[in-house]
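# Architecture at a glance
Here is how the chains run, residue by residue.
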Amino acid sequence: MVASTDLGFFLPGEVIKDIESKDKYTIIGPGLRRNEEDPNSLVATQAGRLTFRAPNTYWIESRRNRYIPKKGDLVVGVVTKKSGDILKVDIGCAEFAWLSLLAFEGSTKKMKPNVNVGDLIYAKLLNAHKEMEPELVCVDQYYKSGRLGVLPNEGVLINITLRLTHTLLNAENPLLRTMAKKFPYEIVIGVNGKVWIKANQAKDVLTLCKAFEAAELESEKSIIEACRQHK
Amino acid sequence: MEPIKNVRLSKGILEMKFMKKSREQVLKDQEDAESQEMYSREITEEMKKSGHTIFREASMTICKGLADGRLSFGGVNPEVEKLMEATYNKALAEAQKREEKDVSDEHMAKGYSTLVNTVNNKFKTKKAKNKKFQKPNAAEPLI
């Protein structure tokens, strides 16, 4: 992972100029939009710190906790309604997401997977527009499920902040690995802030929850330092 | 000789039975031309709006290069751990490698380039080292 640089604090509506690009392309993440008046600048739509990652990526690092679906995100959701071939899944955004029963690996019109209301699902966002309800799938482009699909019934679902999910999903962050030295566990972290944990004992699940609670308030550096002590 | 432009078969000929193949070709060409026209118009409009830089919206996952969220540790789910090898563990190994590298590439290149000069000096003959412009002997005739 290439290190990112902090470019200062911005408020919604502030214009950001001198945008770096590669082959005239710039990738913008959450919290930014194109400026209609001046073609080569951006406008902040959220309060937070502008972050840049080489060569051409910008986004705003904020403490927002409302999940806004974006295409390609991997999320954990709860099935809330089942009607015919369509499931409605709660992924924590404004609307329920839409998941077809045919979007599972190996499912056909006659052979559908057994999914019930209340089940947990780890899925990928196929479509996410402002005007439409988001659409989920449980297969990749080769029609293989990989790690996606219905999660087993033997786990616990918790909610954490979006900021913490980003910290945990950074492969360089040692928190998950340090906990793994103490006890074995399986975890599914959705970028929507829903986390599913499965461990051998209830005690271990609680330890993980406590660790996340503590990590929420800490900076990345202090997490790494704390993990180093437990080696 | 000028090349013949826009030779077209008439509708009557194209509708004949033996012209089936060429009719298909003509229809396909027409469709292609139409779609290309539509496409090019769209792009130019977008180009005008965005000026020089084209902005592409992406999720935080792409911006920060986040890993897949399904992870297993200590053999709870061997299937997931197998899939982790290719992605999570690889990213991890790369990060560790970067950390372990005590001499950065730039530093190495700088050090090495000076080393080349010193070794080069060693092999130079004494004559070559103190090469100075020497005055010609005045007593010696020039030609």
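Everything numeric in this text was worked out from a predicted model, so none of it was measured. The residue numbers shown here count from 1 along each chain, following its written sequence. Lettering for chains starts from A, numbering for ligands starts from 1, and both go in the order in which the items are written. Where totals are concerned, whole chains, interfaces and linings use all residues; where local detail is concerned, this predicted model gives features only for residues with pLDDT of at least 70, and gives and counts side-chain atom pairs only at 80 or more. Note that water and hydrogens are dropped before the side-chain values are worked out from all heavy atoms of the structure.

## Side note on the domain arrangement of chain A
A common way to state how big an interface is: give the accessible area lost once the parts meet. Each domain span listed reflects an automatic or database assignment of domains. Each assigned domain of chain A is listed here: domain 1 (4–61), domain 2 (73–150) and domain 3 (156–229). Once you take the C-alpha centre of each, domain 1 of chain A and domain 3 of chain A turn out to be 30 Å apart.

## Notes on the pairing of strand E16 (residues 194–199) of chain A
All names here are of chain A. A 1.4 Å probe rolled over the protein chains alone gives each residue an accessible area, and that area as a share of the maximum for its type sets the label: buried under 20%, exposed over 50%, partly exposed in between. Strands are runs of DSSP state E lasting at least two residues, helices are runs of H or I lasting at least four, and both sets are numbered from the N terminus onward. Within E16, six of the six residues are buried, which leaves it mostly tucked inside the rest of the structure. Side chains Lys 194, Trp 196 and Lys 198 project from E16 onto one buried face, and the interleaved Val 195, Ile 197 and Ala 199 project onto a second face that is buried too. If DSSP finds at least two bridges between two strands, the strands pair. Inspection of the sheet shows strand E14 (residues 156–159) paired to E16 by four bridges, in the antiparallel sense. Bridge pairing in E16 links Asn 159 to Lys 194. Sheet topology places strand E15 (residues 185–189) next to E16; five bridges connect them, and they run antiparallel. Pairing of Ile 189 across the sheet is with Val 195, part of E16. Where E15 hands over to E16, the hairpin turn is made up of four residues, of which Gly 193 adopts a positive phi near 95°.

## Description of the interface of chain B and chain A
Any pair of residues with heavy atoms lying within 4.5 Å of one another is described as a contacting pair. Listed as interface residues are 37 residues of chain B and, on the opposing side, 47 residues of chain A. We define buried area as the total accessible area lost by two parts upon association, computed with a 1.4 Å probe and summed across both. Interface of chain B and chain A: buried area, both sides summed, is about 4,200 Å²; carbon and sulfur atoms make up 59% of it. Considering only the surface of chain B that becomes buried against chain A, Phe 55, Arg 70 and Phe 73 of chain B emerge as the three largest contributors, covering 19% of it. Here, a salt bridge means any Lys or Arg side-chain nitrogen found within 4 Å of an Asp or Glu carboxyl oxygen. On the surface where chain B and chain A come into contact, there are four salt bridges. Taking the shortest distance from any N to any O, the salt bridge between Arg 70 of chain B and Glu 186 of chain A comes out at 3.3 Å. Polar contacts, as used here, are pairs of N or O atoms within 3.5 Å; protein pairs need one atom able to donate a hydrogen and one able to accept it. Residues neighboring in sequence count only if both atoms are side-chain atoms. Connecting chain B to chain A are 18 residue pairs in polar contact (both at pLDDT 80 or more). Elements with a minimum of two residues in the side of chain B that touches chain A: helix H2 (20–50), strand E1 (54–57), helix H3 (60–64), strand E2 (70–73), helix H4 (78–86) and helix H5 (88–100) of chain B. Just so you know the grouping, Ala, Val, Leu, Ile, Met, Phe, Trp, Tyr, Cys and Pro go in nonpolar, Asp, Glu, Lys and Arg go in charged, and all remaining residues, Gly too, go in polar. For the side of chain B that touches chain A, a count of residues per class yields 18 nonpolar, twelve polar and seven charged. The pairing of E15 of chain A with E2 of chain B spans four bridges and is classified as antiparallel. When the bridges of E2 of chain B are listed, Val 188 of chain A appears paired with Arg 70 of chain B.

## Regarding the sheet that holds strand E3 (residues 25–28) of chain A
Across the sheet, which stays open at both edges, the five strands sit in the order E1(A)-E6(A)-E7(A)-E3(A)-E1(B) with mixed pairing between neighbours. This sheet does not close on itself; its edge strands, each paired only once, are strand E1 (4–10) of chain A together with E1 of chain B. Sheet twist, expressed as the average angle between the axes of neighbouring strands with direction ignored, equals 25°. Both E3 of chain A and strand E7 (residues 57–61) of chain A contribute to a ladder of two bridges, which runs parallel. Paired with Ile 28 of chain A across the two strands is Tyr 58 of chain A, which belongs to E7 of chain A. To get an axis, fit a line to the C-alpha atoms, keeping to the stretch in contact for a helix; angles then go from 0 to 180 degrees between the N-to-C directions.

## Let's talk about the packing of aromatic side chains
When two rings of Phe, Tyr or Trp (its six-membered ring) have centres within 6.5 Å they constitute a pair, described as stacked for plane angles under 30 degrees, edge-to-face for angles over 60, and tilted for the intermediate range. A full pass over the atoms with the stated rule returns three aromatic pairs over all chains. An angle of 40° between the planes, with centres 4.8 Å apart, marks the rings of Phe 52 of chain A and Tyr 58 of chain A as tilted. An identical accessibility class is assigned to Phe 52 of chain A and Tyr 58 of chain A; each is buried. Seen in terms of ring centroids, Tyr 185 of chain A and Phe 73 of chain B are 5.2 Å apart; in terms of plane orientation they differ by 45°. Their pairing is tilted. Pair noted here: Tyr 185 of chain A is in strand E15 and Phe 73 of chain B is in strand E2, and the two residues belong to different chains. For the pair Tyr 185 of chain A and Phe 73 of chain B, one class covers both residues: buried. An aromatic cluster of at least three residues, connected via ring pairs, comprises Phe 183 and Tyr 185 of chain A together with Phe 73 of chain B.

## Observations concerning the sheet that holds strand E4 (residues 32–34) of chain A
All names here are of chain A. Taken in spatial order, the three strands make up an open sheet running E2-E5-E4, and their pairing is antiparallel. Of all the strands in the sheet, just strand E2 (15–16) and E4 have a single pairing partner and so form its edges. Sheet topology places E2 next to strand E5 (residues 42–44); two bridges connect them, and they run antiparallel. Pairing of Ile 16 across the sheet is with Leu 42, part of E5.

## Observations concerning a nonpolar patch on the surface
Residue and element names in this part refer to chain B. Residues qualify for a patch when their relative accessible area is over 30% and they have no salt bridge, like charges being joined within 9 Å and the nonpolar side chains of Val, Leu, Ile, Met, Phe, Trp and Tyr within 5 Å. Only the protein chains shown count as cover for residues, with accessible areas throughout obtained via the Shrake-Rupley method and a probe of 1.4 Å. On the surface, a nonpolar cluster with roughly 650 Å² of combined accessible area is contributed by Met 108, Tyr 112, Leu 115, Val 116, Val 119 and Phe 123. By the element assignment, Phe 123 lies in helix H6 (residues 105–123). Exposure remark for Phe 123: the relative accessible area of 69% places this residue in the exposed category.

## Digging into the side chain of Lys 194 of chain A
Residue and element names in this part refer to chain A. For Lys 194, the location among the structural elements is in strand E16. His is not counted, nor are the chain ends, whereas Lys and Arg count as positive and Asp and Glu as negative. Lacking a salt bridge, the buried Lys 194 has Asp 90 as its closest oppositely charged neighbour, with an N-O distance of 4.6 Å. Leave out the neighbours within four places in its chain, and Lys 194 touches Val 76, Asp 90, Ile 91, Gly 92, Leu 157, Ile 158, Asn 159, Val 188 and Ile 189.

## As for the UniProt feature "domain: Exosome complex exonuclease Rrp40 N-terminal" (unreviewed entry) in chain A
In the numbering used here, UniProt assigns the feature "domain: Exosome complex exonuclease Rrp40 N-terminal" (unreviewed entry) to residues 27–66 of chain A. A distance of 22 Å separates the end C-alpha atoms of residues 27–66 of chain A, which is 0% helix and 48% strand. UniProt positions are given in the numbering used here, feature names are shortened, and annotations may be inferred rather than shown by experiment.

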